[in-house]
Amino acid sequence: MEITIKERDNKGFALARQNDERMGMMTYSVASPELIIIDHTEVEESYKKQGVGLKMLEALVDRAREKSQKILPLCPFANAMFRRHKELQDVLK
């Protein structure tokens, strides 16, 4: 699985792909240089329950750490993953 993060202006997304097939996407807004807001996660039906959403979140968490940002998870999935995975909470707003 390959996770690509793209950002333009104040919007961004993490895209999960495997063999040129889209597995899922997690979208976010850049609220400020110090804060991103995850607003939506979607995983293709054939890839559900395989950890795709968590891998996209982990990629965004790694990027937030590199940029000294915090993450506000408005998306219910991202919010639940932050609650379950204590190791991600250092970037939680």
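1. So, empty space enclosed by the protein
Tallied over the full model, the rule gives one cavity of 30 Å³ or more. Considering only enclosed or pocket space, the largest cavity measures out at about 30 Å³ in volume. Around the largest cavity sit Glu7, Tyr28, Ile36, Leu60, Arg63, Ala64 and Gln69, which together line it. No other element matches helix α1 (residues 52–66), which puts three residues into the lining of the largest cavity. Split by residue class, the lining of the largest cavity holds four nonpolar, one polar and two charged.

2. Remarks on helix α2 (residues 76–84)
Within the sequence span of α2, burial applies to Ala78, Ala80, Met81 and Phe82. Buried positions along α2 lie against β4 (35–43), α1 and β5 (70–73).

3. Topic: the pairing of β4
Inspection of the sheet shows strand β3 (residues 21–32) paired to β4 by eight bridges, in the antiparallel sense. Its bridge partner lying in β4, Met25 is registered against Glu42. Joining the antiparallel neighbours β3 and β4 is a turn of two residues. The pairing of β4 with β5 spans four bridges and is classified as parallel. Bridging across to β5, Ile37 finds its partner in Leu72. The β-α-β motif built from β4, the intervening α1 and the parallel element β5 has right-handed crossover chirality.

4. Things to note about unusual backbone geometry
One non-glycine residue, Asp9, lies in the positive phi region at around 55°. Positionally, Asp9 belongs in the loop between β1 (2–8) and β2 (11–18). On the accessibility criterion, Asp9 (70% relative accessible area) is exposed. The phi torsion at Asp20 lies on the positive side, around 60°, for a residue other than glycine. On the secondary structure map, Asp20 appears in the loop between β2 and β3. Classification of Asp20 as exposed rests on a relative accessible area of 70%.

5. Observations concerning the environment of Lys93
Among the structural elements, Lys93 can be located in the segment after α2. Taking the relative accessible area as the measure of exposure, Lys93 reaches 63% and is therefore exposed. Sequence-wise, Lys93 and Gly24 are 69 residues apart; in three dimensions their C-alpha atoms are separated by 24 Å. The residues touching Lys93, leaving out its near neighbours within four places in the chain, are Leu35, Lys70, Ile71 and Leu72.

About the criteria used
- Residues numbered from 1 in each chain as written.
- Predicted model: local features only at pLDDT ≥ 70, side-chain atom pairs only at ≥ 80, totals over all residues.
- Heavy atoms only, no water.
- 1 Å grid on protein atoms, 1.4 Å probe; cavity = no way out; pocket = protein on both sides within 12 Å on 5 of 7 lines; lining within 4 Å.
- Points joined across faces, edges and corners; volume = space filled by probe spheres on them.
- Helix = DSSP H or I, 4+ residues; strand = E, 2+ residues; numbered from the N terminus.
- Nonpolar A, V, L, I, M, F, W, Y, C, P; charged D, E, K, R; others polar.
- Buried < 20%, exposed > 50% of the residue type's maximum accessible area, 1.4 Å probe, protein only.
- Contact = heavy atoms within 4.5 Å.
- Pairing = 2+ DSSP bridges.
- Right-handed = clockwise from strand over helix to strand, strands pointing away.

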